[in-house]
2 protein chains.
Amino acid sequence: MLDISLLGTSGMMPLPNRWLTSMVARYSGKMILVDCGEGTQITLKLQGWGFKAIELICFTHYHADHISGLPGILLAIGNSGRTKSVTLMGPVGLKKTVDGLRVITPDLPFEIQYIELPFNHIGEYSGDDYSVSALPVDHLIPCLAYRIDVPRKGKFDPVKAKLNNIPQKLWRELQNGETVEYENSIYTPDMALGEARKGLRITYCTDTRPTQNIEGFAKKSDLFICEGMYGEDDKKDKAIKNRHMLFSEAAMLANNAHVNELWLTHFSPSLTKPEEFLNNATDIFANTVIGYDRISKTLYFDNTDK
Amino acid sequence: MLDISLLGTSGMMPLPNRWLTSMVARYSGKMILVDCGEGTQITLKLQGWGFKAIELICFTHYHADHISGLPGILLAIGNSGRTKSVTLMGPVGLKKTVDGLRVITPDLPFEIQYIELPFNHIGEYSGDDYSVSALPVDHLIPCLAYRIDVPRKGKFDPVKAKLNNIPQKLWRELQNGETVEYENSIYTPDMALGEARKGLRITYCTDTRPTQNIEGFAKKSDLFICEGMYGEDDKKDKAIKNRHMLFSEAAMLANNAHVNELWLTHFSPSLTKPEEFLNNATDIFANTVIGYDRISKTLYFDNTDK
């Protein structure tokens, strides 16, 4: 199962009840953070998931509201006792930006690794059992959307296992995805498993205008988290000027990408009651939710095919 | 009148109900901030005093918990519409530290001026009608205590005014502290005012061991705000090692400096209920208060001498 929480849902400026944009995902004991505006360490503490498991921090871009909480997060990870390295990933300029901010956190008990993506380069990070992909989007400065995929292996197929002459005593290990060497032969999981089944996918997308690439990138996401900077359709000119989206544009992306659910986030500070404009999204994509700080959900593999 | 509020009261790490140390003072439409840890812009927004009037930000030192909120504060000041310059003041290394953090806030609509104090140098900033003094203290790295003084001019003395042959039509302006030129003569307020009366003084002091200099510096403060990192007296070894104070040590400073009131702040995150150890301070200095986020007070001139 994959846990998701929006730690903050405000764009540009924090409000007392709506902090700066950040998302955290947790899978199999590891945590991935996407963006960390000022206050992220506090809202993550409220969320109660700890800091030690953070192994990857992705940045959409380097506007202050998306990264100003990094020094605090790095210190919190250090204080949690982590000594394993942490990977940071973001558009080109990552190390320079982080080096600047680290003037107040020079000493950390873990190493930082950098994945710096040249503009228009689609990047990927592979965890042990998940992957994170990055897609360039259309903002005022280089900016990335992120997608987390948790693959799911196929079901164990005893007929296939027998056809491949796999000793029955090895079946369980192969079922668990392990490769086994036995009596001078090597047995791989694909010799005993059916086709990979549908895994889990979430896509996170701020700050950008809607683009066709985003539709392809977010295709069939279980959860599509997308900026909804402006609720009112008559703010389209402003959205175009500032390279942001309307609720209705986010909903159109969700509809065209055939996602399961849409969460709106990164609201303009002037949008004090985003729920008043929800219908501008639900008229286009019914399963839309207005995000709020620490809204959380656990995604499970679909077991109806068992 | 001088308004004071502690925006955050936690040392080292923010807790959900206790954010990083920061103090704000407001006098005559101007605001002074001392330290700004992560989240300061949010707690200041909750306090409701706005951002535009901030003209001076003082830093005790550059450990992250005292400055990580600076980018957010600078952006909030900019968004408030301020175009007048803002002065930053702190130990040597100020500009280098701020330049690092400003990698994410390169463009601001106001100029920043720096007062960088060499170690062991006692510094001062003079506002229009108040002054801020800085005293080197005893921490792991160069660190300053700050004192805000609001002077109060003497009462108008008609006998003195008459003795100095001041035309009666000029009395009101001189009473307001203005210098007046009239019929080729210059009249200064001291020609018509009695001795300066007791003004207002607050002293702010983290992170440090107690020192005799602090007693002199804080002398007769109306309000002495002092770190109370550890409540228990048996943590003295730890306090010495980390260059921090016990409640009892802060109270001894308050007592010896003959201050009016002591607020404790900058509590260790491990000190979840500082009020349990309040008596360790009140046994030495009775008028001690355990600080909490956004504890506020308005100090008035003493009018009993009217």
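None of the values given here were measured: they were computed from a predicted structure. (Residues numbered from 1 in each chain as written. Chains lettered and ligands numbered in written order. Predicted model: local features only at pLDDT ≥ 70, side-chain atom pairs only at ≥ 80, totals over all residues.)

Asker: Looking at this model, I keep getting lost on the overall build of chain A. Mind explaining?
Answerer: When helices and strands are tallied, chain A shows nine helices and 16 strands. For chain A, whose C-alpha radius of gyration is 21 Å, the value lies close to the compact-globule estimate of 19 Å for 306 residues. With respect to the three principal axes, the spread of C-alpha positions in chain A is 65 × 50 × 35 Å. The long-range share in chain A, meaning contacts at least 24 apart out of those at least 6 apart in sequence, stands at 67%. (Helix = DSSP H or I, 4+ residues; strand = E, 2+ residues; numbered from the N terminus. Rg over C-alpha atoms; globule rule 2.2 N^0.38 Å. Contact = placed C-beta atoms within 7 Å.)

Asker: Just to check I follow, could you spell out the sheet that holds strand 1 (residues 2-8) of chain A for this structure?
Answerer: The strands making up a sheet associate through backbone hydrogen bonding, with each pair oriented either parallel or antiparallel. All names here are of chain A. What the seven strands build is an open sheet, ordered 6-5-4-3-2-1-16; its pairing is mixed. Looking at strand neighbours, the two that pair on one side only are strand 6 (112-117) and strand 16 (295-299), the edges of this open sheet. Taken pair by pair, the neighbouring strands of this sheet meet at an average axis angle of 15°, ignoring direction. The strands that helix 1 (residues 40-47) touches are strand 1 and strand 2 (22-27); relative to strand 1, the one it contacts most, it runs at about 135°. (Pairing = 2+ DSSP bridges. Axes fitted to C-alpha atoms, helices over the stretch in contact; angles between N-to-C directions.)

Asker: Is there a simple way to explain the relation of the copies chain A and chain B in this structure?
Answerer: Copy one and copy two of the chain differ by a rotation about an axis and a translation along that axis. For the match of chain A to chain B, the screw axis carries a shift of 0.0 Å, the RMSD comes to 0.1 Å, and the turn is 180°. Both copies of the chain, as the preceding transformation shows, are related through a two-fold rotation axis. Distance from the rotation axis, computed per C-alpha, reaches its smallest value in chain A at Gly-100 of chain A: 2.0 Å. The overlap is high: 100% of the interface residues of chain A also sit at the interface in chain B, so the same surface is used on both sides. (Least-squares fit on C-alpha atoms with pLDDT ≥ 70 in both.)

Asker: It is not clear to me how the domain arrangement of chain A should be interpreted in this structure. Could you clarify?
Answerer: You'll often see interface size given as the accessible area lost when the parts meet. Segmentation of chain A into domains returns domain 1 (2-153 + 196-299) and domain 2 (154-195). Spacing between the C-alpha centres of domain 1 of chain A and domain 2 of chain A amounts to 39 Å. (Domains from an automatic or database assignment.)

Asker: Can you help me understand the confidence of the model for chain A in this one?
Answerer: When pLDDT is low, close inspection of the predicted coordinates is not appropriate. Looking at chain A, the pLDDT average stands at 95 and 99% of residues meet or exceed 70. Interface confidence in the predicted complex, given as ipTM, is 0.87; pTM for the same model is 0.91. (pLDDT = per-residue confidence, 0-100.)

Asker: Quick question: what am I supposed to make of the interface of chain A and chain B here?
Answerer: The partner chain B presents 26 residues to the 26 residues of chain A that form the contact. With five residues, helix 2 (residues 70-79) of chain A is the single largest residue contributor to the side of chain A that touches chain B. Residues that form the side of chain A that touches chain B fall into these classes: 15 nonpolar, nine polar and two charged. (Nonpolar A, V, L, I, M, F, W, Y, C, P; charged D, E, K, R; others polar.)

Asker: Explain the pairing of strand 1 (residues 2-8) of chain B here, please?
Answerer: Residues and elements named next belong to chain B. Among the seven residues in strand 1, six count as buried, and that is most of the element. Alignment of strand 1 against strand 2 (residues 22-27), held across six bridges, turns out to be antiparallel. Bridged to Asp-3 within strand 2 is Arg-26. Of the pairings in the sheet, the one linking strand 1 to strand 16 (residues 295-299) comprises five bridges and is antiparallel in character. Bridge assignment links Leu-6 to a residue of strand 16, and that residue is Ile-295. (Buried ≥ 20, exposed ≤ 12 C-beta atoms within 10 Å, placed from the backbone.)

Asker: Any chance you could explain helix 8 (residues 247-256) of chain A here in plain terms?
Answerer: Working note: α-helix, 3.6 residues per turn, so residues spaced by three or four point in the same direction. Residue and element names in this part refer to chain A. Counting buried positions over the ten residues of helix 8 gives seven, a clear majority of the element. For helix 8, every residue scored as buried is listed here: Phe-247, Ser-248, Glu-249, Ala-250, Ala-251, Leu-253 and Ala-254. In the core, the buried residues of helix 8 are packed alongside helix 6 (212-217), strand 13 (223-227), strand 14 (262-265), helix 9 (278-282) and strand 15 (288-290). In the segment just after helix 8, His-258 is the residue with positive phi, at about 55°.

Asker: What should I look at first to understand helix 3 (residues 94-101) of chain B in this one?
Answerer: All names here are of chain B. Turning to helix 3, its buried residues are Thr-97, Val-98 and Leu-101. Buried positions in helix 3, seen along its axis, are confined to an arc of 95° and lie on one side of it. Exposed positions of helix 3 whose direction lies more than 90 degrees from the buried face are Lys-96 and Asp-99. (Arc of directions from axis to C-beta.)

Asker: Please clarify how the environment of Gly-8 of chain A should be interpreted in this entry.
Answerer: Residue and element names in this part refer to chain A. With respect to the helices, strands and loops of the structure, Gly-8 is situated in strand 1. By C-beta crowding, Gly-8 is classed as buried, having 30 other C-beta atoms within 10 Å. Separated by 39 residues in the primary sequence, Gly-8 and Gln-47 place their C-alpha atoms 11 Å from one another. Beyond its immediate chain neighbours, meaning those up to four positions away, Gly-8 contacts Trp-19, Leu-20, Thr-21, Ser-22, Gly-37, Gly-39, Thr-40, Thr-43 and Asp-293.

Asker: How should I be thinking about the pairing of strand 3 (residues 30-34) of chain A in this particular structure?
Answerer: Within a regular strand, side chains alternate between the sheet's two faces. All names here are of chain A. Within strand 3, four of the five residues are buried, which leaves it mostly tucked inside the rest of the structure. Note that strand 2 and strand 3 share five bridges and pair antiparallel. Across the sheet, residue Val-24 finds its bridge partner in strand 3, namely Leu-33. The hairpin turn running from strand 2 into strand 3, its antiparallel successor, is two residues long, and Ser-28 in that turn takes a positive phi close to 55°. Examined bridge by bridge, strand 3 and strand 4 (residues 54-58) share four bridges and lie parallel to one another.

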